[in-house]
Structures are given as structure tokens and as C-alpha cells.
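# Observations on chain architecture
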Amino acid sequence: MAYSVGIIGIPPLEIIRKIEGCTVYDLDEPLVTNEIEAASPFLPSVYCAILRTAVVNSLSLKPNIIYIDVGPGKCDCAIHTATILESILPKTKVVRTINRDKKDFGTPLCTTQMPFLDKMTAITASVRSAKPHKRLPSCPPQAGFWGVPPRDFSFLALFPDTTHIYGWTRCMENKTPDNRALEEYFDPHVPTVFFAQSFCAKTALARHLANCHPRSLYLDCDVTAGSSAKAKIQAFLELSGVTDALG
Amino acid sequence: MLLADFGTSYCKFLDLDENIPRLIPTREMDKSTKVDVATGHNGKRYSARYVNELTALAKGGEALISTPDFTLLDCGSRDIKYIRYEGGKVKDMGWNAECGASMGFTIELLERYYDLNFSQLEVPLSSFSVTCGVLGMSHIFDAVVSGESEAAAVARFVKGIALNAYNFSDKPQVLYLSGGLCDNPLFVKSFPCQVMVLGRFVLLEGLKTIIQSGFSLSKK
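For clarity, every value in this text was computed on a predicted model and none was experimentally measured. The residue numbers shown here count from 1 along each chain, following its written sequence. Whichever chain is written first becomes A and whichever ligand is written first becomes 1, with later ones labelled in order. Note on the predicted model: pLDDT of at least 70 is required for a residue's local features to be given, and 80 or more for side-chain atom pairs to be given and counted; whole-chain, interface and lining totals, by contrast, use all residues.

## Observations regarding the overall build of chain B
The condition is simple: Each helix is a run of H or I in the DSSP string that is no shorter than four residues. Each strand is a run of E no shorter than two, and both are numbered from the N terminus. C-alpha atoms define the radius of gyration, and 2.2 Å times the number of residues to the power 0.38 defines the globule rule. Our contact criterion uses C-beta atoms placed from the backbone: two residues qualify when those atoms are within 7 Å.
Looking only at helices and strands, chain B features six helices and ten strands. A globule of 220 residues ought to have a C-alpha radius of gyration of about 17 Å, and chain B, at 18 Å, matches this closely. Along the first, second and third principal axes, the C-alpha atoms of chain B reach 60 × 40 × 30 Å. Taking contacts inside chain B between residues at least 6 apart in sequence as the whole, the part at least 24 apart equals 60%.

Structure, rendered in C-alpha cells:
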């Protein structure tokens, strides 16, 4: 059986270089069909859906080793999730990392024109590679998305191809997850949705920045984005003149 | 051109040639109905073109409210939603279809079940802590069991719902109210702020505004 590696958050580049060639699971993404409630015996139901997903994936995939970032580029909840994973998966080696990488890789995907769902998928996939990004042309932004890659990608289809990405996702592409200035950056001229996962500490920053931005919508979602969340995004984009009300 | 707001309990229609809105209980509506442009919970089923309810609400507010700063709250049968404008531009919005579910529907059920007339009920001093129509029912039953009159218990329930809606819409000093609960005087009087009642047809007004602006909102 192939040696398998799980990652939670963004481990430092020296780790990514080491595991290139292995079967690498990004455990933050929904990878298995098991219900998220499978995490409930180990993590509270009212907890970050990304980390609950990581636990469900880990229980099912049982990687040989899990690198979990517990530094300021991830979150405090990951510190405790690492302890729990060690306890419930005794055959898996759990390695805590603190990613302080400072080398900027650039953010070509965040600012290029591309179907928004594909753009987000490409950025999350880029975490598993230490190679430099391909150069891509930048486009003028019609809309902005600030925040982390959501647990539920379905609402991303509402955004136009010319949406620029800000926040931690931009830090992710830049391979500097602990980059406060980059994370807090937004463009006040671009109507922007400030998104955070429910029960995540980043909800505070998302709401604060949304209040600072003249044309913004603050949004948090838990496991899935409900119809009201999607309707809010759609209405915000329509009322900001980004998309048409009648399609 | 026929426009409609297909709500959970009531459907509202506007023929632009007549310009007089009509109200029909949803359960009495002809299921083969087709309109040109619709909004509302059931709107996609009965129309060729659908407009998001928040967008319709916002455009209705722009058409009916003359001030550039306002909060417009729509309290329907199934959900509550609001839109807030500052300086003539959208500043915030919210749509509560889960925790705020079925508030209007529950109030109407209680009115019939207890045979109440909401125009004759006084606003009570205290309210129940109500986050959802269904969960709030247990407060009524508990109060009645402990000796409170049914009318008084329902009035506290209605006030609780009004306070919840007020908090949800970020506690404005002046609240513009739309939706079916505009017709409930106890509900309107239960808000702790000035309420400007716009009635049931604000979303239709929004659709009309969108149509008259040339089938689309301005594109950037």
C-alpha cells in the first residue's frame, strides 16, 4: 500500500518538498462520502466545519502521517484537533508544524479571469506543490471574495469569472499563510463578499473588514451554504451592479 | 405583462396593464398559473424569469422610500429578510429562513386556533424570548397551563417575534415594514421603534421597477 500523507492547513515548504511524490490528501477538503456527523464523537458539533471534515477524512483514509499546521497561519482549534487525532488514530503519526514561510510566490490565480470555482480549486490544489506558479494575466476585478476556501464550494458558482480573491486564500496561493498584511488587504473600489466559516476566529476579522469596506457583504456558513446565504450573495452582486437581476 | 410574488401562504399578482395588485391564498391558486416575471419562495415554479427576493425587496424599497438611509424589513409567512441602505446604496442585508422560520405562518395559525382578533389585543409589557415560530409555541402552552389567558400568551409571543425581527434588522430607529404581517396591528405596535408600514406589495413594486428599468439592473 502506498505511503499516504495527510495535510491540515498549510505545512511549511520544506515539508511540501519532502512529501512530493507521495499520495497527499488535503484533509481540509471533503474527500470521503461519510457524513460530517462522523466527527461528532470527537469534536463538538458546533465547531469549525473544516476541522470536522479533516477528522472525518482522517478516520476514513487513515494516512500514515498527518502534518497539521498549528501556527498563526492556521488556528488555535487545530492545536486541539492535533491532540484528538493523535488519540483516535494511534497508527498515524501526527506531526505539528508552524508555518512561518515568508517567501512570496505571488498570486496569479487570485487576480486572473477564470471560472470562479475552478480558480478556488486550483488555489487549494496548489498547496500540495512547492513549484513556482505559472504566470497568468491579471483582469480588472468586477467583484471580490475575501476569506478562506469554504467547506462548501457550491456558492462559488455565483461569482463572475472576474472576481478577485483576497484574504487567507490569497495568503494560501502566496504560500505565506501567516501574512497578516496580505490577509487584511482589500480593495475598497471592488464590491466584496467577506466570508468566514461559522465558529472560526476569522469571523471577527471578516466582519470587521466588511464594516470598513464601503460596498461589502459579511457572510458566514457552517457545513453547507443554505438557500438564504446563496440568495444574499446573488442579491449583493445584483445590487452592486455586478450581475443582472434577470440573468 | 403579469408579475407575481409567490409566497408560502399568499400570492400577489400585478398586471402592468391594470396596475392593481391582487392577493390570492397560495392554496387556492391555479397550479397551472404562469407569469412573466416572478419572485418569492415558489416563484421559479410558475414563471419564465425569476428575480431574487432580496433584490426585489431592495428595488421595491428604492421605489417607495424617499430617504437615502433606510432599513426595510419584510416579514412574511416563512421567513424574514431585511435590506439596509446608507447614502442611497445597499449597506447590509439579511435573510433568515432557518432560525426565523415560520413566524408569520405561526401567528396566523394561532389567530385561527384561538379565535383571536389582533386589532383588539394590547401590546403586553413583557414578551417571550422567541427565535422561531415553532419553538415559540411551547412558551404559549406553558403560559396557558400556568393560568395566563390564551390571548395574553399569544400577545407575548407576537411581541417576542417583533423584537426578534427588530434585533435581526440591526435595531433601526425607523423601520420600514413590508409583508403580510403589516396587516397585524399587534405585531406592528410591538416594535420598540417607529414603524412605517408599506404593505404586502413591496416585492411586486420591486419587480415593476426592474422591468421598467429595461429587464436588468444597471451593469457595471
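## Structural notes on the sheet that holds strand E7 (residues 80–86) of chain B
Residue and element names in this part refer to chain B. Here is the rule: Only strands joined by at least two bridges in the DSSP assignment are considered to pair. Helix axes are fitted only over the stretch in contact, all axes being lines through C-alpha atoms; the angle between N-to-C directions runs from 0 to 180 degrees.
On the basis of which strands lie adjacent, the open sheet formed by five strands has the order E8-E7-E6-E9-E10 and mixed pairing. Whereas interior strands pair on both sides, the edge strands pair on one side only; in this sheet they are strand E8 (89–96) and strand E10 (194–199). The sheet shows a mean angle of 20° between the axes of neighbouring strands, direction not considered. Sheet analysis places E7 next to E8, joined by seven bridges and oriented antiparallel. Within E8, the position partnered with Arg84 by the bridge is Asp92.

## Quick word on the domain arrangement of chain A
Residues and elements named next belong to chain A. Stated precisely, the cut-off is as follows: Throughout the structure description, domain borders are defined by an automatic or database domain assignment. For this classification, the nonpolar set comprises Ala, Val, Leu, Ile, Met, Phe, Trp, Tyr, Cys and Pro, the charged set comprises Asp, Glu, Lys and Arg, and every other residue, Gly included, is treated as polar.
Taken as a whole, chain A is organised into domain 1 (4–97) and domain 2 (109–239). The C-alpha centroid of domain 2 is placed 22 Å from the C-alpha centroid of domain 1. In this complex, domain 1 contributes 22 residues to the contact, which on the side of domain 2 involves 16 residues. Looking at the side of domain 1 that touches domain 2, the elements with two or more residues in it are helix H1 (13–19), strand E2 (23–26) and helix H2 (49–61). Here the residues of the side of domain 1 that touches domain 2 sort into twelve nonpolar, four polar and six charged.

## Some thoughts on the sheet that holds strand E7 (residues 192–197) of chain A
All names here are of chain A. Pairing is parallel across the open sheet formed by four strands, whose spatial order is E6-E5-E7-E8. The open sheet is flanked by strand E6 (163–166) and strand E8 (216–221), the only strands paired with a single partner. Within this sheet the neighbouring strands show an average axis-to-axis angle of 20°, counted without direction. Pairing between strand E5 (residues 143–146) and E6: four bridges, direction parallel. For Phe145, the partnering residue across the bridge sits in E6 and is Ile165. The strands touched by helix H8 (residues 227–239) are E5, E7 and E8; relative to E8, the strand with the most contacts, the crossing angle is about 165°.

## Some points on helix H7 (residues 202–212) of chain A
Residues and elements named next belong to chain A. In plain terms, the rule: Labels follow a simple rule on C-beta atoms placed from the backbone: if 20 or more others lie within 10 Å of a residue's own, it is buried; if 12 or fewer, it is exposed; otherwise it is partly exposed. The arc in question is formed by the directions pointing from the helix axis toward the C-beta atoms.
Looking only at H7, the buried set comprises Lys202, Ala206, Leu209 and Ala210. Projected down its long axis, H7 shows its buried positions confined to an angular sector of 105°, all on one face. Across H7 from its buried face, at more than 90 degrees, point the exposed residues Ala204, Asn211 and Cys212. In the core, the buried residues of H7 are packed alongside E5, helix H5 (168–174), helix H6 (180–184), E7 and E8.

## Focus on the nonpolar core
Most often, soluble globular proteins have nonpolar side chains that are buried together. For the record, the criterion: By convention in this section, buried Ala, Val, Leu, Ile, Met, Phe, Trp, Tyr and Cys residues joined through C-beta atoms within 7 Å make up a nonpolar core.
Counting 123 residues, the largest nonpolar core has A:Trp146, A:Val193, A:Phe194, A:Ile233, B:Ile83, B:Val158 and B:Leu207 as the members making the most contacts within it. Here this core takes eight residues from helix H4 (residues 150–168) of chain B, the largest share from any one element. Three or more residues apiece are contributed to this core by two domains, here domain 1 (4–97) and domain 2 (109–239) of chain A.

## Structural notes on the packing of H8(A) against helix H1 (residues 53–64) of chain B
How we decide: Convention used here: angles under 35 degrees read as roughly parallel, angles over 145 as roughly antiparallel, angles from 65 to 115 as roughly perpendicular, and any remaining angle as oblique.
Interhelical geometry of H8(A) versus H1(B) gives an angle of 45° and a closest axis separation of 8 Å. As far as their axial angle goes, H1(B) and H8(A) are oblique. On the side of H8(A), the interface is formed by A:Ala231, A:Lys232, A:Ala235, A:Glu238 and A:Leu239, while H1(B) contributes B:Glu53, B:Leu54, B:Thr55 and B:Ala58. Tallied by class, residues from the contact of H8(A) with H1(B) come to five nonpolar, one polar and three charged.

## Quick word on the pairing of strand E9 (residues 174–178) of chain B
All names here are of chain B. By the criterion of burial, E9 is predominantly enclosed, with four of the five residues buried. In this structure, E9 lies alongside E10, joined through five bridges in parallel fashion. Note that in E10 the partner of Leu175 across the bridge is Val195.

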